[in-house]
Amino acid sequence: MTTEVAIIGGGAAGFVAAITAAKSGKKVVILERKERVLKKVLVTGNGRCNMTNVKADITHYFGKNIDSIENILDSFTPKDTMEFFNELGIICNEEERGKVYPLSGQAASIVDALRFEAEKLGIVTETEFYVRKVEKDGFKFKIYSEDKRKIEANRVILATGGQSYHELGSNGSGYEIAKELGHSITKLSPSIVQLKTEKYQVKGLQGIKLDTAVTAYGDNEKICTYNGELLFTDYGISGNVIFNISFVMPLYKNVEFEIDFMKKFDYNELYDILKKRKKILGHLTMEQYFNGMINKKLGQFLAKMSGIEKLSKPVNTLSDDKIRNLCDVLKKYRINVLETTGFKNAQVTAGGVPLDEVNTETLESKKVKGLYFAGEVLDVYGECGGYNLQWAWASGHRAGESAGN
(Lines give C-alpha, C1' and ligand atoms only; values in the text may rest on other atoms or scores of the structure.)
Protein backbone atom coordinates (compact mmCIF):
# COMPACT_ATOMS: atom_id res chain seq x y z
CA MET A 1 0.00 0.00 0.00
CA THR A 2 1.17 3.52 -0.81
CA THR A 3 0.00 6.63 1.02
CA GLU A 4 0.97 10.25 1.47
CA VAL A 5 0.96 10.28 5.30
CA ALA A 6 1.35 7.24 7.55
CA ILE A 7 0.55 7.58 11.25
CA ILE A 8 2.22 4.97 13.44
CA GLY A 9 -0.05 4.65 16.48
CA GLY A 10 -3.84 4.72 16.61
CA GLY A 11 -4.19 6.62 19.87
CA ALA A 12 -5.28 10.14 20.79
CA ALA A 13 -2.38 12.02 19.16
CA GLY A 14 -2.39 9.74 16.13
CA PHE A 15 -6.07 10.21 15.38
CA VAL A 16 -6.03 14.00 15.66
CA ALA A 17 -2.89 14.05 13.48
CA ALA A 18 -4.62 11.84 10.91
CA ILE A 19 -7.81 13.91 10.87
CA THR A 20 -5.88 17.17 10.56
CA ALA A 21 -3.69 15.85 7.71
CA ALA A 22 -6.71 14.38 5.91
CA LYS A 23 -8.57 17.70 6.09
CA SER A 24 -5.73 19.23 4.09
CA GLY A 25 -6.49 16.73 1.34
CA LYS A 26 -3.80 14.13 2.05
CA LYS A 27 -4.28 10.38 1.74
CA VAL A 28 -3.75 9.07 5.29
CA VAL A 29 -3.24 5.64 6.84
CA ILE A 30 -3.24 4.87 10.58
CA LEU A 31 -1.15 1.85 11.63
CA GLU A 32 -2.22 0.39 14.97
CA ARG A 33 -0.44 -2.46 16.74
CA LYS A 34 -3.50 -3.74 18.65
CA GLU A 35 -6.74 -5.18 17.31
CA ARG A 36 -8.61 -1.95 18.14
CA VAL A 37 -7.71 1.73 18.02
CA LEU A 38 -7.92 4.28 20.87
CA LYS A 39 -7.87 1.62 23.61
CA LYS A 40 -6.03 3.86 26.07
CA VAL A 41 -8.50 6.72 25.53
CA LEU A 42 -11.29 4.28 26.37
CA VAL A 43 -10.01 3.79 29.94
CA THR A 44 -8.91 7.36 30.74
CA GLY A 45 -10.69 9.21 33.50
CA ASN A 46 -11.99 5.91 34.90
CA GLY A 47 -13.80 5.28 31.64
CA ARG A 48 -15.21 8.83 31.47
CA CYS A 49 -12.31 10.42 29.52
CA ASN A 50 -10.89 13.50 31.18
CA MET A 51 -10.35 14.97 27.71
CA THR A 52 -8.65 18.25 28.67
CA ASN A 53 -8.25 20.81 31.43
CA VAL A 54 -9.20 24.47 31.07
CA LYS A 55 -6.05 25.39 33.03
CA ALA A 56 -3.68 23.61 30.65
CA ASP A 57 -0.69 25.85 29.94
CA ILE A 58 3.07 25.36 29.94
CA THR A 59 3.29 25.54 33.77
CA HIS A 60 1.65 22.11 34.02
CA TYR A 61 4.17 20.30 31.77
CA PHE A 62 7.64 18.86 32.32
CA GLY A 63 10.63 17.68 30.32
CA LYS A 64 13.95 19.12 29.20
CA ASN A 65 13.58 22.31 27.11
CA ILE A 66 9.85 22.24 27.93
CA ASP A 67 9.38 25.94 27.19
CA SER A 68 10.01 25.22 23.50
CA ILE A 69 6.55 23.61 23.14
CA GLU A 70 4.64 26.58 24.58
CA ASN A 71 3.76 27.74 21.06
CA ILE A 72 2.05 24.39 20.38
CA LEU A 73 -0.01 24.55 23.56
CA ASP A 74 -0.94 28.17 22.85
CA SER A 75 -1.98 27.47 19.27
CA PHE A 76 -4.28 24.55 20.15
CA THR A 77 -5.74 25.42 23.55
CA PRO A 78 -8.30 23.59 25.71
CA LYS A 79 -10.92 25.86 24.11
CA ASP A 80 -9.76 24.66 20.68
CA THR A 81 -9.99 21.05 21.88
CA MET A 82 -13.56 21.58 23.04
CA GLU A 83 -14.48 23.28 19.75
CA PHE A 84 -12.84 20.43 17.79
CA PHE A 85 -14.95 17.84 19.62
CA ASN A 86 -18.07 20.01 19.54
CA GLU A 87 -17.89 19.83 15.75
CA LEU A 88 -17.86 16.03 16.11
CA GLY A 89 -21.02 16.10 18.24
CA ILE A 90 -19.43 16.00 21.70
CA ILE A 91 -20.90 18.32 24.36
CA CYS A 92 -18.10 19.15 26.78
CA ASN A 93 -18.68 19.48 30.51
CA GLU A 94 -16.27 21.26 32.88
CA GLU A 95 -16.03 19.76 36.37
CA GLU A 96 -13.84 20.30 39.44
CA ARG A 97 -10.25 21.55 39.10
CA GLY A 98 -10.89 22.55 35.49
CA LYS A 99 -11.28 18.96 34.28
CA VAL A 100 -13.37 18.55 31.13
CA TYR A 101 -15.36 15.41 30.24
CA PRO A 102 -17.91 14.55 27.55
CA LEU A 103 -21.37 15.25 28.96
CA SER A 104 -22.29 11.63 28.27
CA GLY A 105 -19.76 10.57 30.92
CA GLN A 106 -18.44 7.93 28.54
CA ALA A 107 -14.94 7.74 27.08
CA ALA A 108 -16.51 5.62 24.32
CA SER A 109 -18.18 8.83 23.06
CA ILE A 110 -14.75 10.34 22.31
CA VAL A 111 -13.54 7.10 20.70
CA ASP A 112 -16.61 6.86 18.48
CA ALA A 113 -16.48 10.54 17.48
CA LEU A 114 -12.87 10.20 16.32
CA ARG A 115 -13.54 6.93 14.49
CA PHE A 116 -16.59 8.31 12.71
CA GLU A 117 -14.69 11.43 11.61
CA ALA A 118 -11.77 9.36 10.35
CA GLU A 119 -14.14 7.17 8.34
CA LYS A 120 -15.88 10.24 6.89
CA LEU A 121 -12.53 11.63 5.74
CA GLY A 122 -11.53 8.35 4.10
CA ILE A 123 -8.68 7.61 6.51
CA VAL A 124 -7.62 3.97 6.25
CA THR A 125 -7.01 2.19 9.57
CA GLU A 126 -4.80 -0.91 9.59
CA THR A 127 -5.09 -2.75 12.91
CA GLU A 128 -2.78 -5.50 14.18
CA PHE A 129 -0.03 -3.79 12.19
CA TYR A 130 2.97 -4.14 14.50
CA VAL A 131 5.67 -1.91 13.02
CA ARG A 132 9.03 -3.63 13.22
CA LYS A 133 11.09 -1.39 10.94
CA VAL A 134 10.94 2.01 9.28
CA GLU A 135 13.41 2.87 6.52
CA LYS A 136 13.95 6.14 4.66
CA ASP A 137 14.56 5.30 0.99
CA GLY A 138 15.18 8.52 -0.93
CA PHE A 139 12.08 10.66 -0.51
CA LYS A 140 9.96 7.72 0.64
CA PHE A 141 9.51 5.83 3.89
CA LYS A 142 9.11 2.07 3.88
CA ILE A 143 7.26 0.69 6.90
CA TYR A 144 7.38 -3.04 7.60
CA SER A 145 5.09 -4.94 9.95
CA GLU A 146 5.90 -8.02 11.99
CA ASP A 147 3.77 -10.13 9.63
CA LYS A 148 5.67 -8.87 6.52
CA ARG A 149 3.17 -6.28 5.33
CA LYS A 150 4.65 -3.10 3.84
CA ILE A 151 3.45 0.48 3.59
CA GLU A 152 5.15 3.21 1.59
CA ALA A 153 4.60 6.82 2.61
CA ASN A 154 5.90 10.28 1.76
CA ARG A 155 5.69 11.35 5.40
CA VAL A 156 5.47 9.54 8.72
CA ILE A 157 4.09 10.70 12.07
CA LEU A 158 5.34 8.67 15.03
CA ALA A 159 2.55 8.74 17.64
CA THR A 160 3.10 5.41 19.40
CA GLY A 161 2.64 6.64 22.96
CA GLY A 162 5.00 5.84 25.81
CA GLN A 163 5.81 2.74 27.81
CA SER A 164 2.80 2.64 30.15
CA TYR A 165 -0.28 0.45 29.72
CA HIS A 166 1.45 -2.25 27.63
CA GLU A 167 -1.78 -4.20 27.25
CA LEU A 168 -3.42 -1.18 25.61
CA GLY A 169 -0.74 -0.79 22.96
CA SER A 170 1.99 1.53 24.26
CA ASN A 171 4.84 -0.87 24.86
CA GLY A 172 7.73 1.50 24.14
CA SER A 173 8.26 0.27 20.57
CA GLY A 174 8.11 3.84 19.28
CA TYR A 175 11.33 4.64 21.10
CA GLU A 176 13.09 1.83 19.26
CA ILE A 177 11.81 3.10 15.91
CA ALA A 178 13.05 6.61 16.79
CA LYS A 179 16.47 5.25 17.78
CA GLU A 180 16.80 3.25 14.56
CA LEU A 181 16.13 6.48 12.66
CA GLY A 182 18.97 8.25 14.49
CA HIS A 183 17.27 9.77 17.52
CA SER A 184 18.27 9.43 21.16
CA ILE A 185 15.87 8.77 24.04
CA THR A 186 16.01 10.44 27.46
CA LYS A 187 15.60 8.48 30.69
CA LEU A 188 12.11 6.95 30.89
CA SER A 189 10.18 7.04 34.18
CA PRO A 190 6.61 6.10 35.20
CA SER A 191 4.30 8.99 36.14
CA ILE A 192 0.72 9.30 37.40
CA VAL A 193 1.22 6.11 39.34
CA GLN A 194 0.99 4.53 42.80
CA LEU A 195 4.01 4.91 45.08
CA LYS A 196 6.05 2.66 47.32
CA THR A 197 7.08 3.92 50.76
CA GLU A 198 8.99 2.78 53.80
CA LYS A 199 6.96 -0.17 55.14
CA TYR A 200 7.00 0.94 58.79
CA GLN A 201 5.39 4.27 57.81
CA VAL A 202 2.23 2.58 56.50
CA LYS A 203 2.25 -0.74 58.36
CA GLY A 204 -1.22 -2.02 59.19
CA LEU A 205 -3.03 0.79 57.36
CA GLN A 206 -3.87 -1.14 54.17
CA GLY A 207 -7.34 -0.30 52.85
CA ILE A 208 -7.81 2.92 54.83
CA LYS A 209 -9.09 5.70 52.59
CA LEU A 210 -9.60 9.33 53.58
CA ASP A 211 -9.63 12.94 52.36
CA THR A 212 -6.26 14.64 52.90
CA ALA A 213 -3.92 17.39 51.78
CA VAL A 214 -0.53 16.11 50.59
CA THR A 215 2.54 18.34 50.17
CA ALA A 216 5.49 17.07 48.13
CA TYR A 217 9.10 17.88 49.00
CA GLY A 218 11.90 17.17 46.52
CA ASP A 219 15.47 17.27 47.78
CA ASN A 220 14.12 19.11 50.89
CA GLU A 221 12.45 21.78 48.75
CA LYS A 222 8.69 22.30 48.97
CA ILE A 223 7.17 21.66 45.53
CA CYS A 224 3.37 21.66 45.67
CA THR A 225 0.26 20.66 47.62
CA TYR A 226 -2.75 18.68 46.40
CA ASN A 227 -6.04 17.84 48.10
CA GLY A 228 -7.89 14.59 47.56
CA GLU A 229 -8.46 10.99 48.50
CA LEU A 230 -5.50 9.05 49.88
CA LEU A 231 -5.52 5.24 49.97
CA PHE A 232 -3.05 3.26 52.06
CA THR A 233 -1.87 0.02 50.47
CA ASP A 234 0.39 -2.86 51.49
CA TYR A 235 3.22 -1.32 49.43
CA GLY A 236 2.64 2.36 50.19
CA ILE A 237 0.13 4.95 49.02
CA SER A 238 -2.38 5.41 46.20
CA GLY A 239 -5.61 7.31 45.56
CA ASN A 240 -6.38 10.31 43.37
CA VAL A 241 -4.27 12.71 45.43
CA ILE A 242 -1.23 10.47 44.82
CA PHE A 243 -1.92 10.22 41.09
CA ASN A 244 -2.15 14.02 41.00
CA ILE A 245 1.13 14.60 42.82
CA SER A 246 3.22 11.68 41.52
CA PHE A 247 4.43 13.80 38.60
CA VAL A 248 7.23 14.96 40.94
CA MET A 249 8.89 11.54 41.03
CA PRO A 250 10.93 11.83 37.80
CA LEU A 251 12.07 15.34 38.76
CA TYR A 252 13.85 14.75 42.09
CA LYS A 253 16.21 12.17 43.61
CA ASN A 254 14.75 12.30 47.13
CA VAL A 255 11.00 12.74 47.55
CA GLU A 256 9.04 13.08 50.79
CA PHE A 257 5.33 13.67 51.28
CA GLU A 258 3.81 15.55 54.18
CA ILE A 259 0.24 14.45 54.87
CA ASP A 260 -2.36 16.63 56.57
CA PHE A 261 -5.07 14.33 57.92
CA MET A 262 -6.93 17.26 59.53
CA LYS A 263 -7.03 19.83 56.72
CA LYS A 264 -10.32 21.25 58.03
CA PHE A 265 -8.47 22.75 61.00
CA ASP A 266 -5.31 24.81 61.35
CA TYR A 267 -2.66 23.77 63.85
CA ASN A 268 -3.95 25.92 66.74
CA GLU A 269 -7.56 24.86 66.20
CA LEU A 270 -6.51 21.23 66.25
CA TYR A 271 -4.47 21.77 69.42
CA ASP A 272 -7.55 23.24 71.16
CA ILE A 273 -9.68 20.28 69.97
CA LEU A 274 -7.17 17.76 71.35
CA LYS A 275 -6.94 19.64 74.66
CA LYS A 276 -10.74 19.51 74.94
CA ARG A 277 -10.72 15.79 74.16
CA LYS A 278 -8.28 15.25 77.01
CA LYS A 279 -10.83 16.83 79.33
CA ILE A 280 -14.00 15.11 78.09
CA LEU A 281 -12.38 11.71 77.41
CA GLY A 282 -10.00 11.67 80.34
CA HIS A 283 -11.57 8.48 81.74
CA LEU A 284 -10.52 6.53 78.59
CA THR A 285 -7.18 5.25 77.32
CA MET A 286 -5.34 6.39 74.19
CA GLU A 287 -6.83 3.40 72.38
CA GLN A 288 -10.16 5.31 72.28
CA TYR A 289 -8.84 8.89 72.14
CA PHE A 290 -9.51 9.44 68.42
CA ASN A 291 -12.92 7.70 68.35
CA GLY A 292 -15.29 9.71 66.13
CA MET A 293 -12.50 11.99 64.92
CA ILE A 294 -10.39 9.88 62.56
CA ASN A 295 -10.27 6.26 61.41
CA LYS A 296 -9.70 4.21 64.58
CA LYS A 297 -6.81 2.11 63.26
CA LEU A 298 -5.10 5.18 61.77
CA GLY A 299 -5.58 7.14 65.00
CA GLN A 300 -3.94 4.39 67.05
CA PHE A 301 -1.10 4.16 64.53
CA LEU A 302 -0.49 7.92 64.60
CA ALA A 303 -0.58 7.96 68.40
CA LYS A 304 2.29 5.47 68.41
CA MET A 305 4.14 7.42 65.73
CA SER A 306 3.86 10.52 67.91
CA GLY A 307 5.84 8.79 70.65
CA ILE A 308 3.07 7.23 72.77
CA GLU A 309 4.40 3.71 73.20
CA LYS A 310 1.40 2.14 74.98
CA LEU A 311 -2.19 2.72 73.94
CA SER A 312 -3.20 1.76 77.48
CA LYS A 313 -1.93 5.18 78.56
CA PRO A 314 -4.79 7.15 80.26
CA VAL A 315 -5.96 10.14 78.24
CA ASN A 316 -5.95 12.37 81.32
CA THR A 317 -2.17 11.94 81.66
CA LEU A 318 -1.44 13.57 78.27
CA SER A 319 1.01 16.44 78.65
CA ASP A 320 0.85 19.57 76.51
CA ASP A 321 4.01 18.43 74.74
CA LYS A 322 2.41 15.07 73.90
CA ILE A 323 -0.65 16.87 72.53
CA ARG A 324 1.62 18.99 70.33
CA ASN A 325 3.28 15.81 69.09
CA LEU A 326 -0.15 14.45 68.20
CA CYS A 327 -0.90 17.69 66.32
CA ASP A 328 2.35 17.25 64.40
CA VAL A 329 1.54 13.76 63.13
CA LEU A 330 -2.05 14.68 62.32
CA LYS A 331 -1.07 17.81 60.38
CA LYS A 332 2.45 17.00 59.15
CA TYR A 333 2.94 13.26 58.89
CA ARG A 334 6.08 12.67 56.81
CA ILE A 335 6.46 9.68 54.48
CA ASN A 336 9.60 8.78 52.53
CA VAL A 337 8.72 7.81 48.96
CA LEU A 338 11.05 5.11 47.67
CA GLU A 339 9.87 4.52 44.10
CA THR A 340 6.84 4.08 41.87
CA THR A 341 5.04 0.78 41.27
CA GLY A 342 6.41 0.81 37.71
CA PHE A 343 5.25 1.18 34.13
CA LYS A 344 2.70 -1.61 34.48
CA ASN A 345 0.61 0.65 36.72
CA ALA A 346 1.58 4.05 35.30
CA GLN A 347 -0.77 6.15 33.19
CA VAL A 348 2.00 8.23 31.62
CA THR A 349 5.67 7.95 30.65
CA ALA A 350 8.06 10.76 31.53
CA GLY A 351 10.92 11.08 29.02
CA GLY A 352 11.21 10.25 25.33
CA VAL A 353 12.56 11.81 22.15
CA PRO A 354 14.44 14.98 23.22
CA LEU A 355 12.82 18.22 22.14
CA ASP A 356 16.15 19.60 20.93
CA GLU A 357 16.15 16.89 18.22
CA VAL A 358 12.81 18.15 16.91
CA ASN A 359 11.75 21.38 15.23
CA THR A 360 9.17 22.47 17.81
CA GLU A 361 7.47 24.78 15.30
CA THR A 362 6.51 21.82 13.09
CA LEU A 363 7.35 18.74 15.23
CA GLU A 364 9.46 17.49 12.32
CA SER A 365 12.63 15.56 13.11
CA LYS A 366 15.85 17.50 12.73
CA LYS A 367 17.53 14.24 11.72
CA VAL A 368 15.11 12.73 9.19
CA LYS A 369 13.17 14.95 6.81
CA GLY A 370 9.52 13.96 6.58
CA LEU A 371 9.44 12.29 10.01
CA TYR A 372 7.19 13.94 12.64
CA PHE A 373 6.39 13.21 16.29
CA ALA A 374 3.24 13.64 18.37
CA GLY A 375 2.14 12.85 21.90
CA GLU A 376 3.81 10.86 24.64
CA VAL A 377 6.70 9.57 22.50
CA LEU A 378 8.28 13.00 22.97
CA ASP A 379 10.01 14.13 26.17
CA VAL A 380 6.88 15.90 27.42
CA TYR A 381 4.53 14.90 30.21
CA GLY A 382 1.93 16.72 32.24
CA GLU A 383 0.21 16.61 35.57
CA CYS A 384 -2.81 14.41 36.16
CA GLY A 385 -6.18 15.90 35.28
CA GLY A 386 -6.54 16.12 31.50
CA TYR A 387 -3.16 17.72 30.78
CA ASN A 388 -1.62 14.73 29.01
CA LEU A 389 -4.57 14.30 26.68
CA GLN A 390 -4.45 18.01 25.91
CA TRP A 391 -0.81 17.57 24.87
CA ALA A 392 -1.84 14.61 22.68
CA TRP A 393 -4.52 16.67 20.91
CA ALA A 394 -2.32 19.78 20.55
CA SER A 395 0.79 17.96 19.33
CA GLY A 396 -1.27 15.69 17.07
CA HIS A 397 -2.89 18.73 15.50
CA ARG A 398 0.50 20.42 14.92
CA ALA A 399 2.11 17.28 13.48
CA GLY A 400 -0.88 16.59 11.23
CA GLU A 401 -0.92 20.19 10.06
CA SER A 402 2.82 20.12 9.27
CA ALA A 403 2.76 16.73 7.53
CA GLY A 404 -0.33 17.76 5.58
CA ASN A 405 1.32 20.83 4.03
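Predicted, not measured: the structure shown is a model, and the values here were computed from it.

Side note on the sheet that holds strand S5 (residues 92-94)
As summarised here, the arrangement of the three strands in space is S3-S6-S5, forming an open sheet in which the pairing is antiparallel. In this open sheet, the two edge strands, each paired with only one partner strand, are strand S3 (52-53) and S5. Relative to strand S6 (residues 99-102), S3 is paired through two bridges, and the arrangement is antiparallel. Bridged to Asn53 within S6 is Lys99.

Things to note about the domain arrangement of the chain
Along its sequence, the chain is organised into domain 1 (2-189 + 343-404) and domain 2 (195-340). For domain 1 and domain 2, the distance between their C-alpha centroids amounts to 40 Å. Contacts between the two partners involve eight residues from domain 1, matched on the other side by six residues from domain 2. At the junction of domain 1 and domain 2, the tally comes to zero salt bridges.

With respect to unusual backbone geometry
With glycine set apart, most residues show a phi of negative sign, and most peptide bonds adopt trans. In this structure, Glu128 is a non-glycine residue whose phi angle is positive, near 50 degrees. Of note, Glu128 is situated in the loop between strand S7 (124-126) and strand S8 (131-137). With relative accessibility at 53%, the residue Glu128 sits in the exposed group. Unusually for a residue other than glycine, Ile192 sits at a positive phi of about 50 degrees. Its location among the elements puts Ile192 in the loop between strand S11 (189-191) and strand S12 (195-197). According to the relative accessible area criterion, Ile192 is buried, its value standing at 2%.

Remarks on the pattern of salt bridges
Under the criterion given, the structure shown has 23 salt bridges. Put simply, Arg48 and Glu95 hold a salt bridge, and the shortest N to O gap is 2.5 Å. Residue Arg48 is located in the loop between helix H2 (39-47) and S3, and its partner Glu95 is located in the loop between S5 and S6; the two are separated by 47 residues in the primary sequence. The partly exposed category is assigned to Arg48, whose relative accessible area is 29%.

Basis of the calculations
- Residues numbered from 1 in each chain as written.
- Predicted model: local features only at pLDDT ≥ 70, side-chain atom pairs only at ≥ 80, totals over all residues.
- Heavy atoms only, no water.
- Pairing = 2+ DSSP bridges.
- Helix = DSSP H or I, 4+ residues; strand = E, 2+ residues; numbered from the N terminus.
- Domains from an automatic or database assignment.
- Contact = heavy atoms within 4.5 Å.
- Salt bridge = Lys/Arg side-chain N within 4 Å of Asp/Glu carboxyl O.
- Buried < 20%, exposed > 50% of the residue type's maximum accessible area, 1.4 Å probe, protein only.

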